[in-house]
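Secondary and tertiary structure notes
Chain by chain, the residues run as shown.
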Amino acid sequence: MRTAQQPATRHWRHAVAPGGLPLAGHALLMARKPLQFLASLPAHGDLVELRLGPRPVYLPCHPELIQQVLVNARVYDTGGPVKEKAKPILGNGLITSDWADHRRQRRLVQPAFHTARIAKYAEVMERECEAESTAWTARRPIDVSHEMLALTARVTARALFSTNMAPHAVAEIQHCLPIVVEGAYRQAIDPTGLLAKLPLAANRRFDDALARLNQLIDRMIDDYRASDDGDRGDVLSALFAAQDDETGGTMSDQEIHDQVMTLLLAGIETTASALTWAWFLLGRNPRAEAALHAEVDEVLGGRAPAYADVPRLAYTQRVFSEALRLFPPAWLFTRTTTETTELGGRRLPPASDVLISPYVLHRDPALFPRPESFDPDRWLPERAKEVTRGSYLPFGGGSRKCIGDVFGMTEATLALAAIAGRWRMRPIPGTKIRPRPQMSLTAGPLRMIPEPR
């Protein structure tokens, strides 16, 4: 008989995902309708097994199991087919490095995102957000996706490489990055690995864009090595200056290259996608849009936003947090077990692949009431306390939580405030968009009409 002091043993529900095919498993479902397929799985169990080709993979659907994976980085290391396909593109950076390398890299890169550095990067954000908000023509339709990508490309590139970065270099990043991101995802979801070897035009565009990005980064690193400018106040300067407190070591040029490539791919499209979704959601929710405008008017009084305003733009931040919940850019990532372990009462052998889907978690009605509703006020402090720990993961979690989370939130808050201070973004009647799950959860083209306020 169990005494009052003994904890109850939780009964975890296990299931095998329905709809698998011989040989292919669930790969076709993942390729065709990954969001709908994954979102259907929590109804079957807390830990669901599916197959991508011949290999079993496991999707934990309960936040406790997901936290178990994320906080035990040594046992659940980065890995799986996505990492295998991404490593030739990203190198051995923060996203793709193994546990031991990641600990060292995190120590070296973290100072580049210190609070004092964020304040310096915010000067770039302020200028670029103001430039974006003044560049549009009243009532002339714009592609919001394109504009947000251009904005975040300029911000990220100039924060990485200093504000004096040549415009043509920013344009090169803006051109090449979407091609690389799309091609990387196309390769990642191909269980055969054959697609990348075919002489397709898309593969040639991908190879060319990746080569151009690599060359651009190398030129920037060579320029820094050749100059004697000291700390330029940007990320690259911080990476050159970084020294490991434990070993005294610094990063090689190749290590710096890999971190820069990782930060470019992780920092541009993700924030642009989330901003695009925020404008889409505001366009469909006039009350939320009115509340955003009211806060911006009260805090800014008609001027451009500055870094010091960010703490007072609380509703603006809640808008972005809710957009991240509904459409998390990092909608899926993988881990691989390094040893035999147990997850939810299920024994997993070494080299077992585990999928984590913030999209699935964020839309679970057991965790978020009315999960399909856009409700920024669910992030009011008194309501946010009711959110189950570990159920909101827009930036991942554990030791691999996105190192640029504060950078991204600051950038998005300033962008929303700058644009909302000048414009009311009107949806074009009949416009329909749907989530496009690639390396991040993009919206595709979104045409809206900016009307002066």
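Calculation rules
- Residues numbered from 1 in each chain as written.
- Predicted model: local features only at pLDDT ≥ 70, side-chain atom pairs only at ≥ 80, totals over all residues.
- Heavy atoms only, no water.
- Core = buried A, V, L, I, M, F, W, Y, C linked by side-chain atoms within 4.5 Å.
- Buried < 20%, exposed > 50% of the residue type's maximum accessible area, 1.4 Å probe, protein only.
- Contact = heavy atoms within 4.5 Å.
- Axes fitted to C-alpha atoms, helices over the stretch in contact; angles between N-to-C directions.
- Helix = DSSP H or I, 4+ residues; strand = E, 2+ residues; numbered from the N terminus.
- Parallel < 35°, antiparallel > 145°, perpendicular 65-115°, else oblique.
- Left-handed = near helix turned anticlockwise from the far one by under 90°.
- Nonpolar A, V, L, I, M, F, W, Y, C, P; charged D, E, K, R; others polar.
- Pairing = 2+ DSSP bridges.
- Lys, Arg positive; Asp, Glu negative; His and termini not counted.
- Salt bridge = Lys/Arg side-chain N within 4 Å of Asp/Glu carboxyl O.
- pLDDT = per-residue confidence, 0-100.

Observations concerning the nonpolar core
Soluble, globular proteins show a tendency: their nonpolar side chains are buried together. In this structure, Val-260, Leu-265, Trp-279 and Met-425 are the most contacted members of the largest nonpolar core, which totals 114 residues. What Val-260 contacts, discounting residues up to four positions off in sequence, is Leu-160, Phe-161, Ile-217, Leu-236 and Leu-239. In this structure, Phe-333, Leu-343, Leu-348 and Phe-368 belong to the second largest nonpolar core, which totals 20 residues.

What to know about the packing of helix 6 (residues 115-134) against helix 7 (residues 144-161)
Relative to each other, helix 6 and helix 7 sit at 150°, their axes nearing to 9 Å. Classified by the interaxial angle, the pair formed by helix 6 and helix 7 is roughly antiparallel. The two elements helix 6 and helix 7 meet at a crossing, and its hand is right-handed. Contacts between helix 6 and helix 7 involve Tyr-121, Val-124, Met-125, Glu-128, Cys-129 and Glu-132 from the first element and Glu-147, Leu-151, Arg-154, Val-155, Arg-158 and Ala-159 from the second. When grouped by side-chain class, the residues that make up the contact of helix 6 with helix 7 number 7 nonpolar, no polar and 5 charged.

Some points on the sheet that holds strand 5 (residues 142-143)
The 3 strands are arranged 5-13-10 in an open sheet whose pairing can be described as antiparallel. Where the open sheet ends on each side, the last strands, each with one partner, are strand 5 and strand 10 (423-427). Across 2 bridges, the pairing between strand 5 and strand 13 (residues 447-452) is antiparallel. Across the sheet, the residue bridging to Ile-142 is Met-448, located in strand 13.

Some details on the side chain of Arg-106
When you line up the elements, Arg-106 lands in helix 5 (residues 99-109). In this structure, Arg-106 is buried with no salt-bridge partner, the nearest side chain bearing the opposite charge being Asp-405 at 6.3 Å. Those residues in contact with Arg-106 that lie beyond four places of it in its chain are Leu-94, Ser-399, Arg-400, Lys-401, Cys-402 and Ile-403.

Examining the confidence of the model for the chain
Mean pLDDT over the chain stands at 91; residues scoring 70 or higher make up 95%. The model gives residues 1-8 a pLDDT under 50, and that stretch makes 3 contacts with residues more than four places away or in other chains.

What about unusual backbone geometry?
The phi angle at Arg-139 is positive, at roughly 65°, despite the residue not being glycine. One can find Arg-139 in the loop between helix 6 and strand 5. For Arg-139, a relative accessible area of 58% gives the class exposed. With phi around 45°, Arg-370 is a residue other than glycine that occupies positive phi space. Mapped onto the elements of the fold, Arg-370 is located in the loop between helix 15 (358-362) and helix 16 (381-384). Judged by its relative accessible area of 51%, Arg-370 is exposed.

Describing the pairing of strand 3 (residues 55-60)
In terms of strand pairing, strand 2 (residues 47-52) meets strand 3 through 6 bridges, oriented antiparallel. From the neighbouring strand, Leu-52 faces strand 3, where its bridge partner is Arg-55. In this antiparallel pair of consecutive strands, strand 2 and strand 3, the connection spans 2 residues, and Gly-53 shows a positive phi of 75°. Bridging between strand 3 and strand 9 (residues 353-356) involves 2 bridges; their strand directions are parallel. Residue pairing in the sheet places Val-57 in a bridge with Asp-353 of strand 9.

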